[in-house]
Amino acid sequence: MPSPVVLGIESSCDETGAGLVRDGRLLGHALASSMDEHARFGGVVPEIAARAHVHALLPVVHRALDDAGLAMADIGAVAVTTGPGLSGALQVGLAGAKSLAYALGVPLHGVHHLAGHVAADTLEHGPLPDPCVVLIVSGGHTSLLLVRDLARDPIVHLGDTVDDAAGECFDKVARVFGLPYPGGPAIDRTARAGDPRAVPFPRPLTSGDPRTRYAFSFSGLKTAAARWAERERAAGRELPLADGAASLQEAVADVLTRKAVAACTAYDVGTLVVVGGVAANSRVRSLAEERCAAAGITLRVPPLRLCTDNGAMIAAVGDLLVRAGAAPAPADVSIDPSAP
Ligand code: KG4
Ligand code: ZN
C-alpha cells in the first residue's frame, strides 16, 4: 500500500508554508511571507507575524494542493511545526493543523523546526546517509549536529552558538550598514562587488580550545563590524559597504565551514549537510564546496527555495515519522516555543 500524502505546515516565524510529501517525494508546496510588513521595523514583529499567518494559512494550503494537483480529501496525515519559534505564530499553525487533521479524520504529527531544516535536503538528494554532520545556520540558530536516523535516533548536538546566530549577525550588521531587511541576502548581494580581505574581521572561537571546538560566537563579530562602520564614518569617509559586506561574509563563512569540516574529520563522517536560511549565502556555499572537496567530504546543500523556512521541509519530517510508524500527537499537543 502506498504511504499517505503528508501535509506539512510551517508558521514559526514570518513565513507561512504548506508542503505535500509522499514517500520522500515533494508533490507540491506554497509559501506566503509577511517579510515586507516587518521591513520598516527592521526585524520580525511577532504580533504582525501571527496575524499574517491567520490570513495566509488556508489559502497557502489550497495553493500547495493546487500545485500538487491534489484535493483536501487526498491528505492522509498532517505535520506541523510545534517549535522552536514565536509563540503566537506557532499557535496559529498548530490550531490550523489540528482543525484540518480533525476535520479530515487523519493523524497529526508535531515537528521540531530544526528537524525540518535537516529533512529539507532529503527532498532534493534522497535519504540522509547515516551518520552525517549537519550544520544548521538560520536567523535563530547556528548548530553543528551529528545525525543518524531522523525518525528514530536523537540528534547529537556537537555545538551551538553561545550568543547570536549567524543569520542574526548578518541581519543586525546589515541594519548598521543601512542595508534593507532581511540583512543576509542584502549583505550577499552587496558583497559581490567587494574585497573579502579588505577588513580583517575576527574569527571568534577558532583558537583550537577543545571546549569551544564546535561552538560559535557571532556577537563579537557583529560589534567589530559596527565599530568599523563607526570609525569609517567618523573619519568622514563614505562607508566602503561592498568591502565591509564581503569581509563580514568571509569571516562568517570561514568560521562556519572550518568547524563543520573539522567535525566531519573528527567523527570520521563522510557527508556534510548545510541547511537553514544562511545556507543560501553564496560564500558559505562556495567555501563549503572548496573545503569539503579538499577533505574528501561529500557536501549536500538543499536548493535555495528549500533553505529558508517552508512547509515542504515539515512535510518531509512528517512523511519520515508516518513511514517509521511513529505515534501521532495527542489531542492536547501544544506548542514549544523554546524547544531545545
Ligand atoms: O531558516 P530561515 O528562513 O529562518 C529561520 O529559521 O531563522 O533563515 C533566515 C535567515 C535570516 O537571518 C536571513 O538574513 C538569512 O537566513 N539569509 C541569508 C541569505 N538568505 C537568507 N544570510 C546570508 N546570505 C543569504 N543569501
Ligand atoms: Zn528556520
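If you're wondering where the values come from, they're calculated on a predicted model, not measured in any experiment. (Residues numbered from 1 in each chain as written. Chains lettered and ligands numbered in written order. Predicted model: local features only at pLDDT ≥ 70, side-chain atom pairs only at ≥ 80, totals over all residues.)

K.L.:
I keep staring at the confidence of the model for the protein chain and nothing clicks. Help me out?
P.N.:
Low-pLDDT portions of the prediction should not be read for the details of their coordinates. In this model, the protein chain carries an average pLDDT of 94, and 100% of its residues clear a pLDDT of 70 or more. Reported confidences for the modelled complex are a pTM of 0.89 and an ipTM of 0.98. (pLDDT = per-residue confidence, 0-100.)

K.L.:
Got a minute to help me understand the nonpolar core in this structure?
P.N.:
Across soluble globular proteins, you tend to see nonpolar side chains buried next to one another. Membership of the largest hydrophobic core comes to 113 residues, with the highest contact counts inside it found for Val-78, Val-118, Val-134, Leu-272, Val-274, Ala-316 and Val-317. No other element matches the 13 residues that helix α8 (residues 241-266) contributes to this core. When residues no more than four places from it in sequence are discounted, the contact partners of Ala-316 are Gly-8, Val-21, Ala-119, Ala-120, Thr-122 and Leu-123. (Core = buried A, V, L, I, M, F, W, Y, C linked by C-beta atoms within 7 Å. Buried ≥ 20, exposed ≤ 12 C-beta atoms within 10 Å, placed from the backbone. Helix = DSSP H or I, 4+ residues; strand = E, 2+ residues; numbered from the N terminus. Contact = placed C-beta atoms within 7 Å.)

K.L.:
Can you walk me through unusual backbone geometry in this structure?
P.N.:
Leaving glycine out, the prevailing phi sign among residues is negative, and the prevailing peptide bond configuration is trans. A cis amide bond, omega -5°, links Gly-83 with the succeeding residue Pro-84. As for its position among the elements, Pro-84 is in the loop between β4 (75-83) and α3 (87-104). Cis peptide bonds are those with omega within 30 degrees of zero, and the linkage from Tyr-181 to Pro-182 qualifies with -5°. Here Pro-182 shows up in the loop between α5 (166-176) and α6 (183-191). In this model, Asp-23 sits at a positive phi of 50°, which is unusual for a non-glycine residue. One can find Asp-23 in the loop between β2 (15-22) and β3 (25-33). Using a count of 13 C-beta atoms within 10 Å as the deciding quantity, one classes Asp-23 as partly exposed. Positioned with a positive phi, Asp-268 is a non-glycine residue whose angle comes to about 55°.

K.L.:
What is the right way to read the site of ligand 1 from this model?
P.N.:
In the vicinity of ligand 1 lie 19 residues, with Gly-139, Gly-167, Gly-184, Gly-277 and Asn-281 positioned nearest. Those elements that place two or more of their residues in the shell around ligand 1 are α5 and α6. The two domains that each donate at least three residues to the shell around ligand 1 are domain 1 (5-117 + 307-323) and domain 2 (130-302). (Near = placed C-beta within 6 Å. Domains from an automatic or database assignment.)

K.L.:
It is not clear to me how the UniProt feature "binding site: substrate" (unreviewed entry) in the protein chain should be interpreted in this structure. Could you clarify?
P.N.:
Here the UniProt-annotated "binding site: substrate" (unreviewed entry) positions come out as Ile-136, Val-137, Ser-138, Gly-139, Gly-140, Asp-171, Gly-184, Asp-188 and Asn-281. As for its placement among the helices and strands, Ile-136 is situated in strand β6 (residues 132-137). Once you skip the residues sitting within four places of it in the chain, Ile-136 turns out to touch Leu-114, His-117, Val-118, His-141, Ser-143, Leu-145, Val-275 and Gly-276. Secondary-structure assignment places Gly-139 in the loop between β6 and β7 (142-147). What Gly-139 contacts, discounting residues up to four positions off in sequence, is Ala-165, Gly-167, Glu-168, Asp-171 and Gly-277. (UniProt positions renumbered as here; feature names shortened; annotations may be inferred.)

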